[in-house]
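Listed below, chain by chain, are the residues.
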Amino acid sequence: MTTLAPGYDPKSFESRLYAQWEASGAFAPQGDGPAYTILLPPPNVTGTLHMGHAFQHTLQDALIRYHRMRGYRTLWQMGTDHAGIATEMVVSRNLAIEGKGETRDTLGRDAFIEKVWAWKQQSGDTIERQMRRLGASGDWSRSVFTMDPMASDAIVEAFVRLHGQGLVYRGQRLVNWDPVLKTAISDLEVASEEENGHMWSLRYPLADGASYEHVETDADGNEVLRETRDYLVVATTRPETMLGDTAAMVHPEDPRYSGLHGKFVQLPLTGRRIPVVTDDYVDRDFGTGVVKVTPAHDFNDYAVGQRHALPMINIFTDDAKVVSSRDDIPAAYRGLDRFDARKLIVADLEAAGLLVEIKPHRLQVPRGDRSGQVIEPFLTDQWFVKMDTLAKRGLDLVESGEVKFVPPNWINTYRHWLENIQDWTISRQLWWGHRIPAWFDDAGNIYVGRNETEVRATHGLGDAPLRQDPDVLETWFSSAMFPFSTQGWPNEDRMGKLGFDVALPTSVLVTGFDIIFFWVARMIMMTDQLVGQVPFRDVYITGLVRDKDGQKMSKSKGNILDPLDIIDGIDIDTLVAKRTTGLMKPTDAPKIEKATRKEFPDGIPAFGADALRFTMAALAGPGRDIKFDLQRAEGYKNFCNKLWNATRFALMNVGDASFEGAPAPVTDAEKWILAQLDRTCAEAAGHFASYRFDLLAQCLYEFTWNQVCDWFLELAKPALNGDDAGAAASTRHTLAHVLEALLRMLHPLVPFVTEELWQAVAPTLGKSGSIMLQAYPRAGEVEAAEYAQAEADIEWLKAMVSAIRRIRSELGVSPARQVSLLLRGGGEAECARLGRLEAQLRFLCKLERIDTLAGEPPAAAPAVVGELQLFVPLEGLVDLDAERVRLDKDIARVAAEKDKSEAKLARFGAGVPAAVIEQERARLAEWSAKLDALTTQRTRLD
């Protein structure tokens, strides 16, 4: 017989088991079953495992393990993203720490990229190592880094083909610009938060001596001001951008300014004349109803400028300083940082009498999530993908059901993005990444090709000087190709070796709602356009993992939980240091330390990977954000411990016995648990199919804890300890069979503890190998309908045992002490059941005798099961006088609560909500029932 350690200690086996799994090659696609593929959303190579990863990776691994056990040829395609901006920042920071005076610019492009590759080799695989600690059973041998040669070939090919199809072009448009990193960034890399700011109201003088009658009215339409003005009042939160204004704008139906359509204003401080244009975009009720238009420095203004063919004047350099190249910008502002220019411009406007007022104002400030600096809308030459036709096709694929969202409401978010899509900026002003395969000649002509040799040959350029575009493609572009760049495309030999035909489309994508547009939509469009397939059949959208109070986890709040700290534990001082190091606002450190020490006075104990995984699954409601509470992890560690102890009990009772095939149950308890097992198998399959991990965890938890551990182990004891050798042997077989099936059923959620326990249980049933390669339990392996009578009998027995144990507990009777049971009433069915199950009832409840009763019972504690009345005589069990005193106190307390409830109902007036009245009536009914029961019980003691 295999022995187990006395207690559950995940540290003693989790890492060992994972090393065995990976070394065995079990994570690779195997067999000739149907394909089941999941594409891992590639985490940043600079990153570490966070709670969002742990959540999504748990769900993906559960699906992979489940389908692997069902005989599918499973592939969990692993990979990491090269994270252009983040990686350059990490390496640049490391260079500064080294203190050799080396920087990105002093090294130059080639030498800097060498440094990046060296860092990647040493530190870039951290997150993959951490994923292993969580139990991720992906095929690491096929893991793809987006800068690997195979993936890079696919990215270049995709760019060239899209350019050839007229979908990629180079042009000048407004982009999000980080003036510190000096590159365009995506919307997802912009964090907009509300901050304190100001609203400046400025006078823009009318040109050519024009004036108008300015009239203001109150909310009721009463005139409150009438005066002649030769200026317009414009409100702005960014007065420095007025240097780039190319129009003032009013609503075409605003009567206040109807006489100014087509007029001009004199732009303050610059001397430029700009027109007054009309546009429905203006909100007449906001401010003065006049807005400035700066097309080169505001996304909304850019659209207005396009509609009205306004000039685009870029007033900033790439590091957000005022340009020095424009004569119409006063010399005093040239070369100033944008915020320094703001101060001087406001002062000059005030001195010129053009500053009307300054008001405090709360505004959304866009900041780069990497640099923390205010993002500047910036007009620059970039590479773009035309999105109109691609978006229409992408929407059609989802609307037609070829790609299905789970939960289905997320299709609305997808639809909103694609119906309001703009062309996609795909170039970045970085060095680390896929360099754009485009070359310029001295005349500025652009040639796109897979390499310079191809470009020269295709266009007959001979030895003409060419320079490659210095920019790289953004990482979202390479990620959009991930479904097929990981499978060898466009190289047919590689595609054949990797099984491209069965790996695509993948079965399901598990990802967050925040990247439905940035990644999900783009994968759908790019895979369809370049490969002619959808990238996945289902898209399972998860919520965000928040802290126990529902707050978003962030470094600045100091509420981040590291999954590895939950798995392996961490002491309080190390946890405090972790949460207070590297804060953007170091002054927050004392507050964060205080909160951390209050919440985790002793640090975080080691819960193990299985407890964390089960917690994640249990909280995975459909599309909801989840509040992660460590108490849940503690509860599920107790669950794993319960499973461990149940296995030890089973092994001790099975001993050295071994069994073949399915059990042929003899006892009702065996038939009952086998029917329960069959029902749970069906439930689990349904929950996996509908991605209801929360319901899956709930049903498996209840079956394990309640049905197997709390009841079957108890119900098995009469047979195991009885004189019927056949019943004992059959029960041992069923016990081993049910436990082994339960471990297989739990394995996708808690792989480590189930593997360790299965290795101990499996030999008794003639099984060997790894649990992860065993068949997942299926419904229909027993004829559950044949066990209906046994199920009904056992449910009755459970009710009887529960009732008697509740009496014993309330009376404080020792579990080892024998008691008597008196029965009254009940029908033929209950009498028959009692005849069949009396031995088990006496064994489980420590009953010295069971007697029937015709008249009134002696002083006794009562209970009711169906139509059967149960009485446990109190004589000799309790001090009757003390029991009378106790009951009198309880009766007085309950009667007082009943009276309060009645009085409260009597005071309720007509305005009290019906729900409140109904709630109080329910309370009164509950107190009344308790009082009746206590009074009856007290009467029996007289």
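Residues numbered from 1 in each chain as written. Predicted model: local features only at pLDDT ≥ 70, side-chain atom pairs only at ≥ 80, totals over all residues. Heavy atoms only, no water.

Draft legend 1. Layout of the overall build of the protein chain. Scanning the protein chain from N- to C-terminus turns up 30 helices and 31 strands. Its C-alpha atoms give the protein chain principal-axis dimensions of roughly 115 × 80 × 55 Å. Each of the 942 residues in the protein chain was classed as buried or not, and the buried ones make up 53%. In the protein chain, the share of contacts with a sequence separation of at least 24, taken over all contacts with a separation of at least 6, comes to 78%. (Helix = DSSP H or I, 4+ residues; strand = E, 2+ residues; numbered from the N terminus. Buried < 20%, exposed > 50% of the residue type's maximum accessible area, 1.4 Å probe, protein only. Contact = heavy atoms within 4.5 Å.)

Draft legend 2. How the structure looks around the sheet that holds strand 21 (residues 446-448). The sheet built from 3 strands is open, its strands ordered 21-20-22 with antiparallel pairing. Here the strands that pair on one side only, and so sit at the sheet edges, are strand 21 and strand 22 (467-468). One ladder, built from 2 bridges, connects strand 20 (residues 438-440) with strand 22; its direction is antiparallel. Following the sheet pairing, F440 is matched in strand 22 by R467. (Pairing = 2+ DSSP bridges.)

Draft legend 3. Looking closely at the nonpolar core. In this structure, F628, F693, L841 and L870 are the most contacted members of the largest nonpolar core, which totals 155 residues. Considering every element that reaches this core, the biggest residue donor is helix 24 (residues 693-720), with 14 residues. (Core = buried A, V, L, I, M, F, W, Y, C linked by side-chain atoms within 4.5 Å.)

Draft legend 4. Structural context of the environment of A741. Assignment of secondary structure puts A741 in helix 25 (residues 725-746). Note on A741: relative accessible area 3%, which makes it buried. Separated by 467 residues in the primary sequence, A741 and I274 place their C-alpha atoms 79 Å from one another. Ignoring anything within four residues of it in the chain, the contact list for A741 reads L677 and P777.

Draft legend 5. Molecular detail of empty space enclosed by the protein. This model, assessed by the stated rule, comprises 4 cavities of 30 Å³ or more. Lining the largest cavity, in full, are L674, L677, D678, C681, H737, A741, R744, P777, R778, E781 and V782. Contributions of two or more residues to the lining of the largest cavity are made by helix 23 (668-689) and helix 25. With 4 residues, the single largest contributor to the lining of the largest cavity is helix 23. Considering only residue class, the lining of the largest cavity consists of 6 nonpolar, 1 polar and 4 charged. (1 Å grid on protein atoms, 1.4 Å probe; cavity = no way out; pocket = protein on both sides within 12 Å on 5 of 7 lines; lining within 4 Å. Points joined across faces, edges and corners; volume = space filled by probe spheres on them. Nonpolar A, V, L, I, M, F, W, Y, C, P; charged D, E, K, R; others polar.)

Draft legend 6. Structural view of the environment of E402. As for its position among the elements, E402 is in the loop between helix 10 (388-399) and strand 16 (404-406). In this structure, the C-alpha to C-alpha distance between E402 and R537, residues 135 residues apart in sequence, is 6.5 Å. Contact partners of E402, with chain neighbours within four places excluded, come to L397, V534, F536 and R537.

Draft legend 7. Here's a closer look at the side chain of S201. On the secondary structure map, S201 appears in strand 6 (residues 190-205). Residue contacts for S201: discarding those within four places in its chain leaves V233, V234, A235, L354, L355, V356 and E357.

Draft legend 8. Summary view of helix 30 (residues 914-939). Look at helix 30: 37 Å from first C-alpha to last across 26 residues, which is about the 38 Å you get at 1.5 Å a residue. Those residues of helix 30 not exposed but buried are I917, E920, L924, W927, L931, L934, Q937 and R938. Tucked into the core, helix 30 has its buried residues touching strand 30 (860-865) and helix 29 (880-907). (Expected span 1.5 Å × (residues − 1).)

Draft legend 9. Structural detail: the packing of aromatic side chains. Per the counting criterion, the structure on display carries 33 aromatic pairs. Consider the rings of F112 and W431, whose centres lie 6.0 Å apart with planes at 65°: the pair is edge-to-face. Pair noted here: F112 is in helix 5 (residues 109-123) and W431 is in the loop between strand 18 (427-428) and strand 19 (434-435), with a separation of 319 residues, a long-range link. An identical accessibility class is assigned to F112 and W431; each is buried. Here the aromatic rings of F639 and Y701 are separated by 5.0 Å at their centres, their planes lie at 25°, and the arrangement is stacked. (Phe/Tyr/Trp six-rings, centres within 6.5 Å; stacked < 30°, edge-to-face > 60°.)

Draft legend 10. Highlighting helix 1 (residues 14-24). Listed in full, the buried residues belonging to helix 1 are E14, L17, Y18 and W21. The arc enclosing the buried residues of helix 1, seen along the axis, measures out at 100°, which places them on a common side. Where helix 1 is buried, its residues touch helix 2 (51-69), helix 6 (126-134), strand 3 (139-145), helix 18 (563-568), helix 21 (609-619) and helix 26 (751-761). Two residues or fewer after helix 1 comes G25, characterised by a positive phi angle close to 75°. (Arc of directions from axis to C-beta.)

Draft legend 11. How the structure looks around the side chain of T596. Among the structural elements, T596 can be located in helix 20 (residues 589-599). On the basis of relative accessible area, T596 is assigned to the buried category, the value being 1%. At a separation of 2.8 Å, a polar atom in the side chain of T596 contacts the main-chain carbonyl oxygen of I592. Residues contacting T596, with those up to four places away along its chain left out, are G558, I572, L575, V576 and R579. (Polar contact = N/O pair within 3.5 Å; in protein donor to acceptor, adjacent residues only side chain to side chain.)

Draft legend 12. Structural context of unusual backbone geometry. Following V406, the chain continues into P407 via a peptide bond in cis, with omega recorded as -5°. Tracing the backbone shows P407 in the loop between strand 16 and helix 11 (411-419). Omega for the bond connecting W489 with P490 falls within 30 degrees of zero, at 5°, which places this linkage in the cis form.

Draft legend 13. Representation of the state of the cysteines within the structure. For the structure on display, the rule yields 0 disulfides. You can see C681 has no disulfide; the closest cysteine sulfur is in C699, sitting 9.4 Å from it. (Disulfide = S-S within 2.5 Å.)

Draft legend 14. The arrangement of the pattern of salt bridges in detail. Counted according to the given criterion, the structure contains 60 salt bridges. Residue E88 is joined to R104 by a salt bridge in which the shortest nitrogen-to-oxygen separation is 2.8 Å. Of this pair, E88 sits in helix 3 (residues 84-98) while R104 is found in helix 4 (residues 104-107), placing the two residues 16 residues apart along the sequence. The shortest N-O distance in the salt bridge between E474 and R428 comes to 2.7 Å. Of the two residues, E474 is situated in the loop between strand 23 (472-473) and helix 13 (475-480) and R428 in strand 18; the sequence distance between them amounts to 46 residues. Judged by relative accessible area, R428 falls into the buried class, the value being 4%. Beyond isolated ion pairs, a larger network of salt bridges with shared partners links R238, E240, R338, R342 and E376. (Salt bridge = Lys/Arg side-chain N within 4 Å of Asp/Glu carboxyl O.)

Draft legend 15. Fine view of the sheet that holds strand 28 (residues 819-825). The sheet built from 4 strands is open, its strands ordered 29-28-31-30 with mixed pairing. In the strand order of this sheet, the two ends are held by strand 29 (847-852) and strand 30, each with one partner. Ignoring which end each strand starts from, the neighbouring axes of this sheet average 25° apart. With 4 bridges connecting them, strand 28 and strand 31 (residues 868-873) associate as antiparallel partners. From the neighbouring strand, R824 faces strand 31, where its bridge partner is Q869. Its contacts with the sheet put helix 27 (residues 788-811) on strand 28, strand 29, strand 30 and strand 31, and the angle it makes with strand 30 is roughly 155°. (Axes fitted to C-alpha atoms, helices over the stretch in contact; angles between N-to-C directions.)

Draft legend 16. Here's a closer look at the packing of helix 11 against helix 17 (residues 516-531). At a closest axis distance of 10 Å, the pairing of helix 11 and helix 17 adopts a crossing angle of 80°. The angle between helix 11 and helix 17 falls in the class roughly perpendicular. Packed against helix 11, whose contacting residues are T413, Y414, W417 and L418, the element helix 17 presents I516, F517, A521, I524 and M525 at the interface. (Parallel < 35°, antiparallel > 145°, perpendicular 65-115°, else oblique.)

Draft legend 17. View of the packing of helix 10 against helix 17. At a minimum axis separation of 9 Å, helix 10 and helix 17 run at an interaxial angle of 100°. The angle between the axes of helix 10 and helix 17 places the two elements in the roughly perpendicular class. Residues L390, A391, R393, G394, L397 and V398 of helix 10 form the contact with helix 17, whose participating residues are I524, M525, M526, D528 and Q529. Per-class residue counts for the contact of helix 10 with helix 17 are 7 nonpolar, 2 polar and 2 charged.

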